[in-house]
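The lines below spell out each chain.
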Amino acid sequence: MSNSELTSILFLLLLLAGLAQLFGWLFVKLRQPKVIGEILAGVVLGNGVAGRWPFAEHFIESTRNQGNILDFAYWLGLLLLMFLAGAETQQIYTRNERREVGWLTVVGTGIPFLLGLLLAPRLIRPSLEGPNGNRISLTIVLAVGVAVTSVPVVSKIFADLKILHTRFARLVLGVAVLEDIVLWLALAIATATAGKAALHPGAILHRLLLTVAFFILGLTIIPRLIKLVNKARFNVLARYSPTGYAISVLLAYCAVAGALDISLVFAAFLAGFAVVHKKRRLFAEGLEAIGRVSFAFFIPVYFAIVGLKLDLIRGVSISMMLAFIVGTCVIKILSVSLAGRLAGFRGLDLINLAITTNARGGPGIVLASVAFDAGIISSKFYTTLVVAAVLTSQIAGAWLDYVLRKGWPLLTPVESDTPLERSPESPSVA
């Protein structure tokens, strides 16, 4: 890389990080989720806004020329976010919460997904189809769009509000992580039916089984082995450079997942889960150092690049957008409310769970991007999916902020809850 190329990429990162922090600060002042401001910073810098100005042509051209480096910054920010979310969550859910997570996952996700599959054939119109789209692939994309919950954006909202340590966050993230297994499988099937993927049914089943096995082992056996290695006498790195060791665990998980063709997002989350002991935090100072740098630079840059990749001006259909957002939100909220009642929640608990799990965020944007790149959906439907992902995430963050400012509990406290569960002012690595 020449000096001019290095200067160009550093300037791009300066703009992304600086504007993301500025917009994030403004949104916090407006009592809105910081993450939405960070995404908007990318939109402003991208083709959607700044790209319309003559003086921005050089910036747009630079982003294209430095695409690989920006992609690396994008993925590094995402992996660090999921790593810190896994570390802060400590446990996805406790043994006593299995029943609640089960109801929320099976009913709260299952009903929207099944309704999407059943209703999609009647709702599909030519305006939704891309050049390679067909009824099967469009049906799957629509069903996933109704059911999905965002792990990265919800994690960022929880971190911004300092509630990652709570039982509420454990339940929501537990449900969201389990949902993502279905998301990636469904996307693989959709792209395969569109003729854009080299995956056959046997290969799809093999990938799913590997993902499930990796996930289960990452929650049970592997963390115990990591704990033994953490305390071993030969582990010089853990004693003398805990920050470096924690990052090494993250990279090792991601390397193994990549070799097995498993989503690195899962791996990063499980890596964070593995370096934290159930009873006491291991490498607390190291994780705090990683968190400070990540939330100051890498994670805002990640969300800014998400916005940078969007063009919200092309192919907008207001009627399609309103119909999809209202319809899918009603289905998701009612389904999660029913699941919550079956799990034993009542009143405000149901509202908090329903609105939060309705946040589509990152996976919603990933769904839109993959489907659009595969030629399954039109530009109008692509824009609709992106706007739905951003809007539902903004509503979730604004609602949770309102609940905390009112001093209301996110979930009705149970006997096992600690005082930290009830207090939104508790410290967090974020």
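Draft legend 1. Region of the structure containing the overall build of the protein chain. Helices and strands together make up the secondary structure of the protein chain, namely 19 helices and zero strands. Counting across all 430 residues of the protein chain, residues that qualify as buried make up 53%. Taking as baseline every contact in the protein chain between residues at least 6 positions apart, the subset at least 24 positions apart corresponds to 80%. A total of about 19,100 Å² of accessible surface is found on the protein chain, and carbon and sulfur atoms cover 66% of it.

Draft legend 2. Structural context of a nonpolar patch on the surface. The grouping of Leu115, Leu118, Leu119 and Leu123 at the surface amounts to a nonpolar patch, some 360 Å² of accessible area in total. Inspection of the secondary structure puts Leu123 in helix α5 (residues 98–123).

Draft legend 3. Expanded view of the packing of helix α16 (residues 348–357) against helix α18 (residues 379–406). One can describe the packing of α16 onto α18 by two numbers: an axis separation of 8 Å at closest approach and a directional angle of 150°. Of the possible angle classes, the one that applies to α16 and α18 is roughly antiparallel. Contacts between α16 and α18 involve Leu348, Ile351, Asn352, Ile355 and Thr356 from the first element and Ile395, Ala396, Trp399, Leu400 and Val403 from the second. When its residues are assigned to classes, the contact of α16 with α18 shows eight nonpolar, two polar and no charged.

Draft legend 4. Summary view of the nonpolar core. Residues Leu70, Phe83, Phe158, Phe168, Tyr253, Phe303 and Leu353 are the most contacted members of the largest nonpolar core, which totals 96 residues. Per-element accounting of this core gives the leading share, twelve residues, to helix α4 (residues 67–89). Counting 30 residues, the second-largest nonpolar core is a separate cluster that includes Ala120, Ala186, Cys329 and Ala371.

Draft legend 5. Fine view of the side chain of Thr105. Mapped onto the elements, Thr105 comes out in helix α5. Here the side chain of Thr105 touches Val101 through a polar contact of 2.8 Å, landing on its backbone oxygen. Other than its neighbours up to four places away in sequence, Thr105 contacts Gly110, Val175 and Leu178.

Draft legend 6. Representation of the packing of aromatic side chains. In total, this model carries ten aromatic pairs according to the counting rule given. The interplanar angle of 55° and the centroid separation of 4.9 Å between the aromatic rings of Tyr74 and Tyr302 together place this pair among those described as tilted. Here the residue Tyr74 occupies a position in helix α4, and Tyr302 occupies one in helix α14 (residues 284–308), the gap between them amounting to 228 residues. Across the pair, exposure class does not vary: Tyr74 and Tyr302 are buried alike. These aromatic residues form a ring-pair network of at least three members: Tyr74, Trp75, Tyr302 and Phe303.

Draft legend 7. Representation of unusual backbone geometry within the structure. Notably, Lys162 is not glycine yet its phi reads approximately 60°, a positive angle. Considering the arrangement of structural elements, one finds Lys162 in the loop between α7 (151–160) and α8 (167–193). According to the relative accessible area criterion, Lys162 is partly exposed, its value standing at 34%.

Draft legend 8. Region of the structure containing helix α13 (residues 264–274). With ten of its eleven residues buried, α13 lies for the most part within the structure. Of the positions making up α13, those classed as buried are Val265, Phe266, Ala267, Ala268, Phe269, Leu270, Ala271, Gly272, Phe273 and Ala274.

Draft legend 9. Looking closely at the packing of helix α1 (residues 3–29) against α14. Taken N-terminus to C-terminus, the directions of α1 and α14 make an angle of 95°; their axes are 8 Å apart at the nearest point. Classified by the interaxial angle, the pair formed by α1 and α14 is roughly perpendicular. Side by side, α1 and α14 meet where Leu13, Leu16, Ala17, Ala20 and Gln21 of the first sit next to Phe295, Ala296, Phe297, Pro300, Val301, Ala304, Ile305 and Leu308 of the second. A per-class count over the contact of α1 with α14 returns twelve nonpolar, one polar and no charged.

Draft legend 10. The pattern of salt bridges, seen in detail. Scanning the model with the defined rule gives three salt bridges in all. When the shortest N-O distance is used, the salt bridge between Arg405 and Asp401 registers 2.9 Å. With Arg405 and Asp401 both in helix α18, this residue pair falls four residues apart, about one helical turn.

Draft legend 11. Summary view of the environment of Leu15. Tracing the backbone through its elements, the reader meets Leu15 in helix α1. Linking Leu15 and Ala304, residues 289 residues apart in sequence, is a C-alpha distance of 9.7 Å.

Draft legend 12. Region of the structure containing the side chain of Lys227. Examined against the element boundaries, Lys227 turns out to sit in helix α10 (residues 221–231). Using a relative accessible area of 13% as the deciding quantity, one classes Lys227 as buried. Here the side chain of Lys227 touches Ala274 through a polar contact of 2.8 Å, landing on its backbone oxygen.

Draft legend 13. How the structure looks around the environment of Ser248. Residue placement: Ser248 occurs in helix α12 (residues 242–259). Residue Ser248 is classed as partly exposed on the basis of its relative accessible area of 32%. Linking Ser248 and Ala271, residues 23 residues apart in sequence, is a C-alpha distance of 9.6 Å. Engagement of the side chain of Ser248 in a polar contact is seen with the backbone oxygen of Gly244, the distance being 2.8 Å.

Draft legend 14. Structural detail: the environment of Met321. With respect to the helices and strands, the residue Met321 is situated in helix α15 (residues 318–342). Once residues lying within four places of it in the same chain are set aside, the contact partners of Met321 are Val316, Thr383, Thr384 and Val387.

Rules behind the numbers
Residues numbered from 1 in each chain as written. Predicted model: local features only at pLDDT ≥ 70, side-chain atom pairs only at ≥ 80, totals over all residues. Heavy atoms only, no water. Helix = DSSP H or I, 4+ residues; strand = E, 2+ residues; numbered from the N terminus. Buried < 20%, exposed > 50% of the residue type's maximum accessible area, 1.4 Å probe, protein only. Contact = heavy atoms within 4.5 Å. Areas by Shrake-Rupley, 256 points an atom, 1.4 Å probe, with all protein chains shown as cover. Patch = residues over 30% accessible without salt bridge, like charges linked within 9 Å, V, L, I, M, F, W, Y side chains within 5 Å. Salt bridge = Lys/Arg side-chain N within 4 Å of Asp/Glu carboxyl O. Axes fitted to C-alpha atoms, helices over the stretch in contact; angles between N-to-C directions. Parallel < 35°, antiparallel > 145°, perpendicular 65-115°, else oblique. Nonpolar A, V, L, I, M, F, W, Y, C, P; charged D, E, K, R; others polar. Core = buried A, V, L, I, M, F, W, Y, C linked by side-chain atoms within 4.5 Å. Polar contact = N/O pair within 3.5 Å; in protein donor to acceptor, adjacent residues only side chain to side chain. Phe/Tyr/Trp six-rings, centres within 6.5 Å; stacked < 30°, edge-to-face > 60°.

None of the figures reported here should be taken as evidence of function without further support.
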